[in-house]
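Breakdown of the fold
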There are 2 protein chains.
Amino acid sequence: MTASPSFLDRLRAECPALKLSQDPSDLTEYGRDWTRAVDPAPLAIAFPATTEEVSKIMKLASATGTAIVPSGGRTGLSGGAVAASGELVLSLARMNRMHSVDPLSQTVRVQAGAITEAVHQHCEPHGLTWPVDFASKGSSHVGGNLATNAGGVRVIRYGLTRNWVLGLQVVLAGGEILEINGELEKNQTGLDLRQLFIGSEGTLGIITEATLKLTRLPPPTDVLFFGVDGLDGVLGLFREARRQPFTIQAFEMLGANCLQKVIEHRSARPPLSTPASDYVLLEVERPASEAGQQELQTWLESLFERGLVQDGTLAQSPEEACALWSLREGISESIMSAGLVHKQDVSVPIRELQGFCSRFERELGEKYPGHTLYLFGHIGDGNLHINIAKPEGLERDAFYARCKQIDEDLFRLLQAHQGSVSGEHGVGLLKKYALSFSRSPAEIATMRAVKQALDPKGILNPGKIL
Amino acid sequence: MTASPSFLDRLRAECPALKLSQDPSDLTEYGRDWTRAVDPAPLAIAFPATTEEVSKIMKLASATGTAIVPSGGRTGLSGGAVAASGELVLSLARMNRMHSVDPLSQTVRVQAGAITEAVHQHCEPHGLTWPVDFASKGSSHVGGNLATNAGGVRVIRYGLTRNWVLGLQVVLAGGEILEINGELEKNQTGLDLRQLFIGSEGTLGIITEATLKLTRLPPPTDVLFFGVDGLDGVLGLFREARRQPFTIQAFEMLGANCLQKVIEHRSARPPLSTPASDYVLLEVERPASEAGQQELQTWLESLFERGLVQDGTLAQSPEEACALWSLREGISESIMSAGLVHKQDVSVPIRELQGFCSRFERELGEKYPGHTLYLFGHIGDGNLHINIAKPEGLERDAFYARCKQIDEDLFRLLQAHQGSVSGEHGVGLLKKYALSFSRSPAEIATMRAVKQALDPKGILNPGKIL
C-alpha cells in the first residue's frame, strides 16, 4: 500500500509534465494539516495541474495498490489530510482556477484548489457570495471544504457547505472521471452521488472541480452582545430570537472564563459593565426600514424588562461590531496562550444542551479537580467547542493521559445525550477511535460497504474515518 | 424474486399481528401510484404498524429473495411505487404517528406514513412549518417525499426536501434498523448516509421514521402576475427580482396557451388586459414596513417604465391572490380536460433555458406539425413541465408512438443543454430508459455499485431506476 520509488518512476514516465516533489520541507508541509499529533512521512507530493493528471495518478495508484492522500489547504483539525505512512500526497494547490461568475443563475465553477476567501472576492463585485465562512478561509480550499462539509459561524443562517454545491467533478479510485449534476438545481435521476462525496474526507474520490451555488451578499447587520444567567439563559434568549421577524446571521455562546481570557490576553475593553455567567454574541440582519429598526430596539428593551438578559450592548459602528466579534474569535488563541489545552468539537441536540453541559461540568469537577473547562461555540447549531486547560504543576504526558480518560467520559456522556463526537471538524485520524460512540455498528457496516464499493483496493486516504 | 404464497404463510407465522391483504381492490389500489402506464399485479399488501414489523418483513424477504415494493401516498408520477410482478407491497400507511413539536429546536419526529398536510397542520399552532409543499400534499406521505426528494413550488425559497431532514430511521434490505443522525444539525462523523437514502426511490432501504427540521411560518406574501415578452422577458424579470431586497417565495412561468386553457376550462377572468406571449406568477414575502412596501411598489412601477413587463397586477386581497395561483395550478387539469396529453418533467441550467426551449419548439413544429406544446413550470429552478396535446384526428396509439420519438429528440436536446430528463418526478419505471441521457456510464456504474453494496440480493424495489 505504501508508495514505492518504482511507483514514482512509472508515474514520471506516464505523466512527464506532472510536478512531483520529494523535498523534505514539502514532505513535512504537505504531509500534514493543522494538527500536530502525528508526524508526516509521505513518499512524495504530486501537484497535478489538470483533472487528466489526477486521473492518470489514480489509474496508476489503482493498478499498483498505492495509497493516496488528497490534500487541500491543510487547515483540517482531525488529521484527515495527514500522510504518515509513505503515501503519495495529491495536492490540489495548483488547480485553483475560477471561471466567470454567472449572475443570472448565481453560480460559479471553480477548481478544487481555489481558496475560500478568493472565491468570496471573486463573487463580491456581482453582489454575490458563497456563504461558506470560517476562521481559516484565507488558506482553506474549496475542495477541502467540500470533502469535510465545512461548518463555521454562518451555518445557522445558510446551513452547511453541502447546501451550496450544484455540480461536482470527481476522480474515482480507478481514475474514472465523474461529472455530477452540472449546474442543475433539480435533477431527480437516481442516487445523488454528490452528497456521497461531500463530507467523505477524501475516502471515496478526489474532488477536482465544483459548481458552487451563490447567494446575495448579506445586508448590513447589527451585532449584539448579552450577558445571561447560565445556559438556561442562553437557550431562553435563543428561543426568543428565533421567534422574531429578523434574520439571525450568528448566535454564538461563550462562558464567562472564555471572555475573561480574551480580555486579559488582548487587553480588550470589557463589553458590558455587569458580569454574568455566560455571554451571547447575536448578529442579525438589520431591518431595512426605520420601523423595523425601532421594532428591534423595542425587542431589546423587552429582553431587559422580562429579565431574559442581565446586560447587553448593540454595536454602534462597524468598528464596535468588529470588537465584539474579536471577543468570540479570540477565545481559542487566548486560552492557548496561557498553556497546554485539550480541545474537543462536539454537538448535541439543542434540547439536550443544558443537561449535557451541566453533567459534564459536574463530572469533570468531581473526577478531575483543577482542570479548567472553557465552553463556547455555535450554540444555535448545538455545536460546542470544549477546551480543557492543563492544571499548573501537572506534567505534559500525565495531562495527555488524563485527557484520554476525560474524552472517554465525554464520549459516553455524548452518547447518552444523542450527541456527536465531531460537530464539524470531522473524523480523520484523530477521532477514529471515537466513531462508535456516534455511529452504530449497523451504520459503520453500511459505511464500510459503500467504501468497499467505491474503493475496493482501499487506496483513497486509507486509515481515515474507518 | 416474486413473492410466493409460501412466503406469505411464513410471514403470517413470524408476524402474527401483521395486517396483510390480498383483496383485489387493495392489490389494485396499493399496487400503483398516480401513473397508469403499467398494470398493478402485486402478490399481497403488508401494512406494518411498527418498525420491528418492517424489520421482520425485510429479514424474511432477504432470506427468501422476495421482492419488496415500498409504498407511501402513491402520488408519484414515475411509477416508482408500482408493483407489477408479484411483489409484496410494503405500505407505510398505518405508521402515521407524529410526535410533539419541539419548539426550541424547531423539529418534529414523525413516522413515514404521516401525510404531508397533516404535518403542516400539526406544526402550525407553534408558528412553524415543514416547508415541503406541492399539489398532492393532501395524500403524499413524508416517507415518499423523502424517498423522492420531493420538489414543488417553494424550492426557490427553501430548497429541496433533502434540506429539511435531520434524522432518519431506515430498515435495510437485510432487516437491520439504522438510526441516522438523530436530531443533530451538525454531525461530521463519516459518510452522511441520510443523503444516500433521500431520493433513492426505495431502492436502498425503507424509511420508517424521520426527524424533520422546521422553520417559521412564512410572513404574509404579495402575489403578482405579469405578462412578458418571451422567455427572454421571463428571465429578465427573474434576474431583476432576485436582485431586490425582498424574498421570493415562488417564481412560476406559464405560456400564453396555458393561461388560455385555464381561462376557458375554469371560466376564469383574464388577469391582465394586455395579452402577452408568456406570463409569470411571482410571490414575494411582503415587506414588514410601509417603507418596504413602498419600495416594492416603486420597483413594480420601474418594471413598466423600463419595458421589462408588458402588463402586471398585484393581488389586493387573499382571494385575488388565490385566484392568481389557481391560474397556475389549474394548468395541468385544464389541458387534460381537452384530450390526451403527453407530459414530461425536465430541468436545464437557467442560462440554457432560452436556447433549449426555442430549439425544442422549433424542432417540434418542424417535425411534428399539429402537436400543441404547453410550457410551464418552476422556472426559478430551471424546472419545466412540458405538455404536448394529441392532435385531433390522430389515433391514440399513433400519438403514443409519436411521443416516443418526440421524447428521444427531447432527451437528446436536454443532453446537449446539460439538462435532466427528470426535474422532480424521479425515474421509477417510466424514465429508466432515459437515465443514460442524464447520467454518464461511470455514474450509472457507481450507482450500481452502491445498490449492490446495500441491497446485494436486489430485493428492494427491483427494476426501479436501474
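Residues numbered from 1 in each chain as written. Chains lettered and ligands numbered in written order. Predicted model: local features only at pLDDT ≥ 70, side-chain atom pairs only at ≥ 80, totals over all residues. Heavy atoms only, no water.

1. Focus: the pattern of salt bridges
Going through the model one piece at a time under the given rule, you end up with 50 salt bridges over all chains. The partner of Asp9(A) in a salt bridge is Arg12(A), with the nearest N and O atoms 3.3 Å apart. Taken as a pair, Asp9(A) and Arg12(A) lie in helix H1 (residues 5-14) at a separation of three residues, close to a single helical turn. Looking at Asp9(A), the relative accessible area reads 48%, which means it is partly exposed. With its nearest N and O atoms 3.0 Å apart, the salt bridge here joins Glu333(B) to Arg266(B). Linking Glu333(B) in helix H12 (residues 331-337) with Arg266(B) in helix H9 (residues 256-266), this pair joins segments that are 67 residues apart in sequence. (Salt bridge = Lys/Arg side-chain N within 4 Å of Asp/Glu carboxyl O. Helix = DSSP H or I, 4+ residues; strand = E, 2+ residues; numbered from the N terminus. Buried < 20%, exposed > 50% of the residue type's maximum accessible area, 1.4 Å probe, protein only.)

2. A short note on helix H3 (residues 51-64) of chain A
All names here are of chain A. In this model, H3 (14 residues) spans 20 Å end to end at C-alpha, consistent with the 20 Å of a helix rising 1.5 Å per residue. Taken as a whole, H3 has its buried residues at Thr51, Glu53, Val54, Ser55, Ile57, Met58, Leu60, Ala61 and Ser62. The positive-phi residue at the C-terminal boundary of H3 is Gly65, with phi of around 65°. (Expected span 1.5 Å × (residues − 1).)

3. Remarks on the sheet that holds strand S2 (residues 44-47) of chain A
All names here are of chain A. Across the sheet, four strands lie side by side as S1-S2-S4-S3; this open sheet has mixed pairing. In this open sheet, the two strands that pair with only one neighbour each are strand S1 (19-21) and strand S3 (68-71). Here the average twist between neighbouring strands, direction ignored, is 25°. Sheet topology note: the S1/S2 ladder contains three bridges and is antiparallel. Among the inter-strand pairings, Lys19 is bridged to a residue of S2, identified as Phe47. (Pairing = 2+ DSSP bridges. Axes fitted to C-alpha atoms, helices over the stretch in contact; angles between N-to-C directions.)

4. Looking at the relation of the copies chain B and chain A
Here the two chain copies are tied together by a rotation about an axis and a shift along that axis. Overlaying chain B on chain A yields an RMSD of 0.0 Å, the required transformation being a rotation through 180° with an accompanying axial translation of 0.0 Å. Put plainly, the chains are arranged around a two-fold axis. Of the residues that chain B buries at the interface, 99% are likewise interface residues in chain A, meaning the two copies contact each other through the same surface. (Least-squares fit on C-alpha atoms with pLDDT ≥ 70 in both. Contact = heavy atoms within 4.5 Å.)

5. A short note on the interface of chain B and chain A
Between chain B and chain A, the contact holds 75 residues from the first and 74 residues from the second. Together chain B and chain A conceal approximately 6,100 Å² of surface at their shared face, both sides included; 58% is due to carbon and sulfur atoms. Broken down residue by residue, the surface that chain B buries against chain A is led by Leu104(B), Lys186(B) and Gln188(B), which jointly contribute 16%. At the junction of chain B with chain A, the criterion picks out 10 salt bridges. Residue Glu424(B) pairs with Lys186(A) through a salt bridge whose shortest N-O separation is 2.7 Å. In this structure, the connection of chain B to chain A is made through 34 residue pairs in polar contact (both at pLDDT 80 or more). Of all the elements in the fold, those that place two or more residues in the side of chain B that touches chain A are strand S8 (177-180), helix H7 (193-197), helix H8 (230-243), helix H15 (435-438) and helix H16 (441-454) of chain B. No other element matches H16(B), which puts eight residues into the side of chain B that touches chain A. Class assignment of the residues belonging to the side of chain B that touches chain A gives a composition of 30 nonpolar, 27 polar and 18 charged. (Buried area = accessible area lost by both parts, 1.4 Å probe. Polar contact = N/O pair within 3.5 Å; in protein donor to acceptor, adjacent residues only side chain to side chain. Nonpolar A, V, L, I, M, F, W, Y, C, P; charged D, E, K, R; others polar.)

6. Regarding the sheet that holds strand S1 (residues 19-21) of chain B
Residue and element names in this part refer to chain B. The strand order S1-S2-S4-S3 describes an open sheet built from four strands, whose pairing is mixed. Edge positions in the sheet fall to S1 and strand S3 (68-71), since each of these pairs with one other strand and no more. Adjacent strand axes in the sheet meet at a mean angle of 25°, parallel and antiparallel pairs treated alike. The pairing of S3 with strand S4 (residues 88-91) spans four bridges and is classified as parallel. Its bridge partner lying in S4, Ser71 is registered against Ser91. Here helix H3 (residues 51-64) sits on the sheet in contact with strand S2 (44-47), S3 and S4, set at roughly 160° to S4.

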